[in-house]
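Fold and geometry: a report
As a plain string of letters, each chain reads:
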Amino acid sequence: MTLASYDRGTIKPALDALAHIRLANNMRGCQCAATQTQHPLVNDSLLDQTDMNMTFPRAIALLLATALLAGCGSFFKKKPEIALSGHLTGSVTYRERVALPPDAKVIVSLEDETRPERSGEFIAQQVIEPKGQVPVAFDLRYVPAAIDLGHRYAVSAAIIDGNEQLLWSTDESIPVDFAQQDKPIPVTVNRMLTPVAAPVPAPKAPVPFKCDEIGLIARFSDGVVELSLPGDRKVNLPQVVSASGARYTDGSTLFWNKGDEAQFEMNGRKYTGCRIDREPAPEKPAASFK
């Protein structure tokens, strides 16, 4: 069936309705070049130019396409950019009715958790020595340039005592919505059944590790580990608080020591099978490093 089978009284109201839709879009400030230059408002002249032998389904398709073009300004409006403030605020508390130790420290961390197969990439951390009891307020500052709004970020917290024993910790990290960055983040930590102390070898004592592909030597000191890598390369990583083990990272390189085992990541690559090498430590790490 063609348009010629329908009189102008049937088609004209539909075209007029379409014209009103497009006019309303223009009044809202739509800036769609296609509708402004290639598709003027539907009027009698457009109706007169319409091929009356056009099939009715084709005509309906033309009307729908024109309607979509009319509203394109609404569909393709750019989302407003988020201006990162450079800090996240909130408070840390726990459920138990017990007092914080006088030498307690509260540690709040921000990490990039975009890649589920890897540990979170360290972004920022704040260490607080509270003057009172919970809740303990935090103001975690970060570098806005380090944030990719297409990634997933999360906040975690822990409470340790003067002996670096882990007393409370978050079981699961809390997702961060930077669109609501001014909204305080409440963090509840859970008490450890047994206080956990991160084992730290004697200062500057070389500890050889052998991974599946490379060997490396770790030298631990107060809050820092120095890694000697193949090719006479050395990397110093600061320690950050973790729920288990001794974790060291600068945001891109990670060394996580858990007893005789370790996790090592560098340049986006994860090296597996890292364990303490019980054989006499060589002067230089074995194998090649890429």
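Here is a short report on the structure shown in this document. (Residues numbered from 1 in each chain as written. Predicted model: local features only at pLDDT ≥ 70, side-chain atom pairs only at ≥ 80, totals over all residues. Heavy atoms only, no water.)

1. Details of the overall build of the chain
Secondary structure summary: the chain contains five helices and 17 strands in total. Each of the 290 residues in the chain was classed as buried or not, and the buried ones make up 37%. Sequence separation of at least 24 residues holds for 60% of the intrachain contacts in the chain that already meet a minimum separation of 6. Taken as a whole, the chain presents about 17,000 Å² of accessible surface, with 54% of it coming from carbon and sulfur. (Helix = DSSP H or I, 4+ residues; strand = E, 2+ residues; numbered from the N terminus. Buried < 20%, exposed > 50% of the residue type's maximum accessible area, 1.4 Å probe, protein only. Contact = heavy atoms within 4.5 Å. Areas by Shrake-Rupley, 256 points an atom, 1.4 Å probe, with all protein chains shown as cover.)

2. A word on the pattern of salt bridges
According to the stated counting rule, one finds five salt bridges in the structure shown. Ionic pairing is found between Asp-277 and Lys-210, a salt bridge with its closest N-O pair at 3.8 Å. Here Lys-210 lies in strand β10 (residues 206-210) and Asp-277 lies in the segment after β17 (269-276), a separation of 67 residues in the sequence. Given a relative accessible area of 17%, Asp-277 falls into the buried group. (Salt bridge = Lys/Arg side-chain N within 4 Å of Asp/Glu carboxyl O.)

3. Let's talk about the sheet that holds strand β8 (residues 185-188)
Pairing within the open sheet is mixed, and its three strands lie in the order β4-β1-β8. One side of each edge strand has no neighbouring strand; the edge strands of this open sheet are β4 (136-141) and β8. In this sheet, neighbouring strand axes are inclined to one another by 30 degrees on average, regardless of whether the strands run parallel or antiparallel. Sheet topology places strand β1 (residues 87-93) next to β4; six bridges connect them, and they run antiparallel. Directly across from His-87, in β4, lies its bridge partner Arg-141. (Pairing = 2+ DSSP bridges. Axes fitted to C-alpha atoms, helices over the stretch in contact; angles between N-to-C directions.)

4. Side note on the sheet that holds strand β15 (residues 254-258)
The strand order around the closed barrel built from eight strands is β10-β11-β12-β13-β14-β15-β16-β17, with neighbouring strands paired in antiparallel fashion. Strand-to-strand, the axes of this sheet are offset by a mean angle of 30 degrees, without reference to chain direction. Pairing analysis gives five bridges linking β15 to strand β16 (residues 261-266), with the strands arranged antiparallel. By the bridge assignment for β16, Trp-256 is matched with Gln-263.

5. Quick notes on the state of the cysteines
The full count for this structure, using the stated rule, is one disulfide. Across a sulfur-sulfur distance of 2.0 Å, Cys-211 and Cys-274 are joined as a disulfide pair. Since a negative S-S torsion denotes a left-handed disulfide, the Cys-211-Cys-274 link at about 105 degrees is right-handed. With Cys-211 in the loop between β10 and β11 (215-221) and Cys-274 in strand β17, this pair connects stretches of sequence that are 63 residues apart. Cys-274 shares its class with Cys-211; the two are buried. (Disulfide = S-S within 2.5 Å.)

6. Re the side chain of Ser-156
Tracing the backbone shows Ser-156 in strand β5 (residues 153-160). A relative accessible area of 19% places Ser-156 in the buried class.

7. Some remarks on unusual backbone geometry
Backbone geometry follows two general trends: most residues other than glycine have a negative phi, and most peptide bonds adopt the trans configuration. Here Val-134 and Pro-135 are connected by a cis peptide whose omega angle stands at 0 degrees. One can find Pro-135 in the loop between β3 (121-128) and β4. The backbone of Asp-232 shows a phi angle near 60 degrees, a positive value even though the residue is not glycine. As for its placement among the helices and strands, Asp-232 is situated in the loop between β12 (224-229) and β13 (233-240).

8. Concerning the pairing of strand β6 (residues 165-169)
Among the five residues that make up β6, four are buried, leaving the element largely enclosed by the rest of the structure. In the sheet, β5 pairs with β6 via three bridges, with the strands oriented antiparallel. Among the inter-strand pairings, Ile-159 is bridged to a residue of β6, identified as Trp-168.

9. Re the packing of aromatic side chains
Following the criterion strictly, the structure yields seven aromatic pairs and no others. Ring centres of Tyr-94 and Trp-168 lie 4.1 Å apart, and the angle between their planes is 5 degrees; this geometry places the pair in the stacked category. In this pair, Tyr-94 is assigned in the loop between β1 and β2 (105-112) and Trp-168 in strand β6, connecting sequence segments 74 residues apart. Relative to Phe-178, the ring of Tyr-142 has its centre 5.8 Å away and its plane inclined at 70 degrees; by these criteria the two rings are edge-to-face. In this pair, Tyr-142 sits in the loop between β4 and β5 while Phe-178 sits in the loop between β7 (174-175) and β8, placing the two residues 36 residues apart along the sequence. (Phe/Tyr/Trp six-rings, centres within 6.5 Å; stacked < 30°, edge-to-face > 60°.)

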